[in-house]
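# Structural characterization, general
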Amino acid sequence: MYDYLIVGSGLFGSVFAYEASKRGKKCFLIDKRNHTGGNVYTESLEDINVHKYGAHIFHTNNKEIWDYVNRFAEFNRYTNSPIANYKGEIYNLPFNMNTFNKLWGVIRPEEAKKIIEEQKQAAGIKAPKNLEEQAISLVGTDLYEKLIKGYTEKQWGRSAKQLPAFIIKRLPVRFTYDNNYFNDRYQGIPNGGYNVIIEKMLEGIDVRLSVDFFKHREELEQLAKKVVFTGMIDQYYDYKYGVLEYRSLHFKTKVVEETDNYQGNAVVNYTDKETPYTRIIEHKHLEFGTQAKTVITEEYPKEWKPGDEPYYPINDAKNNEIYKKYKQLADQEADVIFGGRLATYKYYDMHQVIGAALAAVSKEFAETAPDFTGPP
Ligand code: FDA
């Protein structure tokens, strides 16, 4: 008899399995995919680590989490500095003095602030009614038209006028010449890819792949005293309160033979409306690769329907209401721990899901944990 049946080998399931087995518990981990790691899994193509489920850049402000992941792998010095391609014009992201210089020819921060302020005033929006008005009221018309509108409309598959204002709460604008996307103290990519971390966490643990919990639920549940469930919570309860909705993505990955350097940067966002994908990832640049060929992935946003890969939860009022009902049921379960992005219907960055798993471990083993949740 196992102590825990862990459903899902993403970061939540793997951290839980590692910590529980360190405490002498027997774990049995299953995943419906044919590999471990969940969405942080990388696949080697032309000797390049390809981020199969979208680019994953680790970043955190929390020293405990940073020290924790560094126990499993060394991290490189990768700093996320995406660029935007708007109809062939190149701009630095996040919005900073390099972006403003390219847009308006301004050199000093005061000049950039003045232009943004003038555009906000000219738009005269007092109470934004939709995403378009919200974005213009935050950063003015030029940044909105060239760098926000097309990208956001593709991402959500709707006009910015039909999208609610709350989607964009704030738009970080930086008045320094700093292209580092994240404000966090620590960031990087694990040398050898995330698989190295997952493999170390799961060393010595019984793992079975290509096993869907729902296809063998009864027999699986009998194998362990408790279940750690990281799949979709609505499916766990047979969709009795309805289906929780997501946005999905479609990835087109290609080996480029003709060149060893396709776009000169790991992440290029296409911010016009016409290009059908939102961004192209050139994977080798995440690891400063020097391979002879290169591999790129085009990322296409996609409407989600049941059966598709669920990527981004749609946390609007309707879905949050449904989730609340499932959560009430989950809270009554004595022998099931729900965790990770699908079981809590929440977008988590990697450092946050690791923090949540470590907090679940502390709760389960009645230990006082260091502050792993940390600042966002
Ligand atoms: P995850 O989805 O990884 O794992 C769940 C596992 O459960 C899966 O392997 C699944 O197959 C399995 N499963 C589900 N149902 C099952 C069933 N019925 N039976 C058996 N197995 C089942 N974060 C960050 O910090 N930096 C970044 O750059 C990015 N980038 C990024 C890009 C994109 C496109 C997305 C969508 C997300 C990111 N993230 C990110 C977030 C990151 O992917 C996320 O924090 C973790 O993958 C969450 O790990 P989980 O364990 O919660 O889920």
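A brief look at the structure comes next. (Residues numbered from 1 in each chain as written. Predicted model: local features only at pLDDT ≥ 70, side-chain atom pairs only at ≥ 80, totals over all residues. Heavy atoms only, no water.)

Residues Val267 and Asn269 line one face of strand β12 (residues 267-270) and the alternating positions Val268 and Tyr270 line the opposite face, and both faces are buried. Examined bridge by bridge, strand β6 (residues 83-86) and β12 share three bridges and lie parallel to one another. Counterpart to alanine 84 in the pairing with β12 is asparagine 269. Relative to strand β13 (residues 279-282), β12 runs antiparallel, the two sharing three bridges. Bridged to valine 267 within β13 is isoleucine 281. (Buried < 20%, exposed > 50% of the residue type's maximum accessible area, 1.4 Å probe, protein only. Helix = DSSP H or I, 4+ residues; strand = E, 2+ residues; numbered from the N terminus. Pairing = 2+ DSSP bridges.)

This brings us to the pattern of salt bridges. Applying the stated criterion across every chain yields a total of 28 salt bridges. Ionic contacts of the salt-bridge type, sharing partners, join the residues Glu19, Lys22 and Arg23 into one network. (Salt bridge = Lys/Arg side-chain N within 4 Å of Asp/Glu carboxyl O.)

Here the focus is the packing of helix α2 (residues 63-70) against helix α12 (residues 350-364). Following both chains from N to C, one finds α2 and α12 inclined at 90°, their axes separated by 10 Å at the closest point. Between α2 and α12, the angle falls in the class roughly perpendicular. Residue-level contacts link Ile65, Tyr68 and Val69 of α2 to His351, Ile354, Gly355 and Leu358 of α12. Tallied by class, the residues present in the contact of α2 with α12 amount to five nonpolar, two polar and no charged. (Axes fitted to C-alpha atoms, helices over the stretch in contact; angles between N-to-C directions. Parallel < 35°, antiparallel > 145°, perpendicular 65-115°, else oblique. Contact = heavy atoms within 4.5 Å. Nonpolar A, V, L, I, M, F, W, Y, C, P; charged D, E, K, R; others polar.)

A few words now on the environment of arginine 208. Considering the arrangement of structural elements, one finds arginine 208 in strand β9 (residues 206-208). Overall, the relative accessible area of 47% leaves arginine 208 in the partly exposed class. Through-space distance from the C-alpha of arginine 208 to that of aspartate 31 is 6.7 Å; in sequence the pair is 177 residues apart. In contact with arginine 208, other than residues within four places in its own chain, are Phe28, Leu29, Ile30 and Asp31.

Bringing helix α1 (residues 11-22) into the picture now. Its 12 residues give α1 an end-to-end C-alpha distance of 16 Å, which sits within 8% of 16 Å, the value for a rise of 1.5 Å per residue. Along α1, 10 of the 12 residues are buried, which leaves the element largely enclosed by surrounding structure. All of the buried residues along α1 are Leu11, Phe12, Gly13, Ser14, Val15, Phe16, Ala17, Tyr18, Glu19 and Ala20. (Expected span 1.5 Å × (residues − 1).)

One open sheet holds the seven strands; their spatial order is β7-β6-β12-β13-β14-β11-β15, and the pairing between them is mixed. In the strand order of this sheet, the two ends are held by β7 (89-92) and β15 (312-313), each with one partner. Two elements, β13 and strand β14 (residues 294-303), share four bridges in a ladder whose sense is antiparallel. Looking across to β14, one finds that isoleucine 280 is bridged to glutamate 298.

With respect to spatial proximity, 31 residues lie near the ligand, and among them Asp31, His56, Ile57, Tyr348 and Met350 are the closest. Residue phenylalanine 12 places a main-chain N or O atom 3.1 Å away from an oxygen atom belonging to the ligand. Measuring from an oxygen atom of the ligand, one finds a backbone N or O atom of isoleucine 57 at 2.7 Å. Elements with a minimum of two residues in the shell around the ligand: α1, α11 (340-343) and α12. Here the shell around the ligand is composed, by residue class, of 17 nonpolar, eight polar and six charged. (Near = heavy atom within 4 Å. Polar contact = N/O pair within 3.5 Å; in protein donor to acceptor, adjacent residues only side chain to side chain.)

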